[in-house]
Amino acid sequence: MTTPIALRVLEGHARAYRHTWRGTTVGALVRPVLFLAAIGVGLGTLVDEGGTASRAIEAPSYLAWFAPGLLAASLMQAGASDGMFPIMAGMRWIGTYKSAVNSPVRPRDLFLGNLLWSSARIATIGVVFAVVAAAFGAMPLERGALAVLPAALTGVVTCAAMSAFIVTRDSPQVLAGMNRFLIVPLFLFSGTFFPVDQLPDAVQPVVYLVPLWHGVELTRSLALGTEPALAWPLHLGVVVAVGALALAVGATTFSRMLRR
Amino acid sequence: MAPGEAFGFLGPNGAGKTSAMRMIGATSPVTDGYLRVLGLDPESEGVELRARLGVVPQEDTLDQDLTVADNLFVFGRYFDLPKRVLRERIAELLEFVQLTERRNAKVDPLSGGMKRRLVIARALINDPELVLLDEPTTGLDPQARHALWERLYQLKRRGVTQLLTTHYMDEAEQLCDRLVIMDQGRIVAEGSPRALIGTHVSREVLELRFDDGRQDDAAATLGRLDDGGPVERIESLPDRLLVYTPDGDAAIRAVHELDLDPLTLLTRRASLEDVFLRLTGRQLID
Amino acid sequence: MSAASASAQRATGGWRITPHRPLGRSVRLVERNLRAMRRGWTLFVSGLFEPMFYLFALGVGVGGLVGEVVGPEGELIPYGVFVAPALLAASAMNGGTYESTINVFAKLKWGKVYDAVLTSPVTPREIAVGELIWALMRGWVYAVSFLVISAVLGLVPSWWGLLALPAASLIGFCFAGLGLMVTTFLRSWQDFDLIELVLLPLFLFSATFYPLEVYPEAVRWIAQVSPLYHGVELVRGVMTGSLSWALLGNVAVLAALGSIGLSVAVRRFGRLLRS
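First, a word on what this report is: a plain description of the structure on this page. Only a predicted model underlies this, so the values are computations on that prediction, with no experimental measurement involved.

### Describing the interface of chain B and chain C
When the parts come together, some accessible area is lost, and that loss is often what is quoted as the size of the interface. With 41 residues of chain B at the interface, the matching set in chain C holds 35 residues. Both faces combined, the contact of chain B with chain C buries some 3600 Å², and carbon together with sulfur accounts for 56% of it. When the area that chain B buries against chain C is broken down by residue, the three leading residues are R50(B), Y78(B) and D80(B), summing to 18%. Along the contact surface separating chain B from chain C lie six salt bridges.

Below you can see the structure in the form of structure tokens.
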């Protein structure tokens, strides 16, 4: 893989981003912080008062339990949106990808370039979130910094998988569909807002197949210093395996769509 | 305007034709002066006026979310036409603009000519007394232009009055019974195409091209010919010399007798382009 | 053509324009949108799911953690009963806003739909009102299905809950009116990020997920500025069957904001389109 060219694609993203940073990054940063304040702090007051929480969650408070889940889920969302909009823009709305492949840039460089760009963005959002969460008293800063790693990995893997798929689609309707039927349910049901064992028994095995849930478990165990649901190599293995698969598929789909 | 007449605004881009059309069509406020269309004031009676007009705007403003037939149907409903009437009229209009086979197609994949024909059908859905056409063939290829002109001619024969703008003199000559020539928001001449040509320029034009730098000398030489001879007037353009003449052959003989030795030499009938050049000192299409 | 046209002329009685109907040709815009939806109905139906997902996640999932909360009349109610009305109100807000901003902006700037409409007898005012009616109709469909699902889940304890439907329409009216107004000020697609940045805090902090009492006294009045807060209070009041005169205050706020938005929008729409 020739990283230098992928880096040049990254630079292109950075340049374009200078003009649109206001909306996208502010949104991606502000959204999780708002959720943390409203759900973690506000709703957390109710959960902690209810007393039922202590039996259901293994954490000093709902805020402390919710914050790492939100961290992983937010970085997943950021990765998903980086795997959707820039790809649609590059392929169809603006068409920069189609002209880029007439230069020495190869299709997979575009794939990797976007992924690198997204990684940088995800890492930034993650670090800022960890600092804010620490300020809210949701997690100690040093634990938060550590917890950003699996959360960011989850986000990058999501970006890779999403862009590998989106590059093959041409209708913008698919974006709304992905958001409504994939991203929102993942955000809500991957053990982020409430423990998976609150779900009906029949549904629980499905959750174990969801990479985000594994990312959430890893992130939470690092943030709280507790044991994850399964052994951590297993959680990590699932996320890495999905990532590797997404990289392989993405290299193929990008080449297939852009080289004819 | 007489019923069934086609009246044109001819002028270059930016002459104020589209603005005039929008005011006449009551989609833009009247900036200054007095305007009555079909006896109505576009400012205060815009709704009543638009109900009696058909508009073909310069840009195809077709509804991308609707099929070909639905574009006509929905637009007809804007005029409160009953559904039964519309169904009948849509079939008729699609036939007229030769889009019957495409009635259930999406709009976007249609060719430029088809889209423009559909816009014309749409403009006719309310059986208008007057149709406004703003640059009807701009952006179309020659074949599609001729097909469209033919449809517009059919329309005229059916007694539909047309008001059109164009910056193509061939289009104005083809379609208009009467026209005004506009320049920088002003009307500089009015009449039928033939009358305008007859009044303002000679019958024929000789177009001459020369080697670099020799055009000015040739113009000067031709300019010294007697009045009443074959050369009525000379117009010097950046790339060629136009010699206005009542008799093209006589003018060619004169050029040869003077040993001007042009690179190319061509006689043609005088056109509205020449009228415009004469009246404004500028060309229609830069 | 001439024979058929002549019969059509008779059928319509020539060109008699009837400007005195209350909604005028606004309904024609609704007809247009209905036809256009024949293509995009899947997207419309899929819009039902997001609020449902939230209902399951919060009502059932988080509800299990919270247990019971203090309802409008000080009594303890299950968390699901508390949060369902708020989610219905929020979905009415989202429906009204998105329809009147993104979709209207797309028709205005990208699709050039209104440029053609304007050459017909339909006026800019009728376009604005038509789009508002359309937004309300869509919101109504969402509200009905959400209410049915909530009732099936046992989250609607009172028959007064049926009043949630007109309440949802009122919320839709409020946000569609404000949304249309905002749309006349938008310059590019990037401005939609800003709209989202306004909607999300409204969604999260309008007594949606917990009673205002959770906040310190000083912060509570901020939440009361939010139009959605009034929507949530209204729907929660009727869905839990706790009717009180205070709900009329919520109705008045929503109606006033929607009317202000709509009247500004109508004025600016005309200027924007007829230039």
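### Observations regarding the packing of helix α4 (residues 79-110) of chain C against helix α10 (residues 227-239) of chain C
Residue and element names in this part refer to chain C. Two elements in contact, α4 and α10, have axes whose closest approach is 8 Å; the angle formed by their N-to-C orientations is 135 degrees. By the criterion of interaxial angle, the relationship of α4 to α10 is oblique. α10 is crossed by α4, and the crossing has right-handed handedness. Residue-level inspection shows F82, A84, P85, A86, L88, A89, A90 and M93 of α4 in contact with α10, the latter providing L228, G231, V232, V235, R236 and M239.

### Considerations on the interface of chain C and chain A
Contacts between chain C and chain A engage 33 residues on the former and 38 residues on the latter. Summed over both sides, the interface between chain C and chain A buries roughly 3000 Å², with carbon and sulfur atoms accounting for 75% of that surface. Three residues, F53(C), L65(C) and L197(C), lead the burial of chain C against chain A; their summed loss comes to 21% of the area buried on that side. Here chain C and chain A share one salt bridge between them. The partner of E196(C) in a salt bridge is R31(A), with the nearest N and O atoms 3.5 Å apart. Elements with a minimum of two residues in the side of chain C that touches chain A: α2 (26-46), α3 (49-66) and α8 (191-205) of chain C. For the side of chain C that touches chain A, the element with the highest residue contribution is α3(C), accounting for twelve residues. Each residue belonging to the side of chain C that touches chain A can be placed in one class, and the counts come to 22 nonpolar, seven polar and four charged.

### Quick notes on the environment of E126(C)
Residues and elements named next belong to chain C. Inspection of the secondary structure assignment puts E126 in helix α6 (residues 124-152). Residue class for E126 comes out buried when judged on its relative accessible area of 8%. Placed 110 residues apart in sequence, E126 and R236 show a C-alpha to C-alpha distance of 33 Å. Dropping the residues within four chain positions of it, E126 is found in contact with L23, G24, R25, S26 and P121. Engagement of the side chain of E126 in a polar contact is seen with the backbone nitrogen of R25, the distance being 3.0 Å.

### Observations regarding the pairing of strand β4 (residues 161-166) of chain B
Residue and element names in this part refer to chain B. Within β4, six of the six residues are buried, which leaves it mostly tucked inside the rest of the structure. Alternating residues of β4 divide into T161, L163 and T165 and Q162, L164 and T166, and every residue in both groups is buried. In the sheet, strand β3 (residues 130-134) pairs with β4 via five bridges, with the strands oriented parallel. Bridge pairing in β4 links L133 to L164.

Conventions adopted
Residues numbered from 1 in each chain as written. Chains lettered and ligands numbered in written order. Predicted model: local features only at pLDDT ≥ 70, side-chain atom pairs only at ≥ 80, totals over all residues. Heavy atoms only, no water. Contact = heavy atoms within 4.5 Å. Buried area = accessible area lost by both parts, 1.4 Å probe. Salt bridge = Lys/Arg side-chain N within 4 Å of Asp/Glu carboxyl O. Axes fitted to C-alpha atoms, helices over the stretch in contact; angles between N-to-C directions. Helix = DSSP H or I, 4+ residues; strand = E, 2+ residues; numbered from the N terminus. Parallel < 35°, antiparallel > 145°, perpendicular 65-115°, else oblique. Left-handed = near helix turned anticlockwise from the far one by under 90°. Nonpolar A, V, L, I, M, F, W, Y, C, P; charged D, E, K, R; others polar. Buried < 20%, exposed > 50% of the residue type's maximum accessible area, 1.4 Å probe, protein only. Polar contact = N/O pair within 3.5 Å; in protein donor to acceptor, adjacent residues only side chain to side chain. Pairing = 2+ DSSP bridges.

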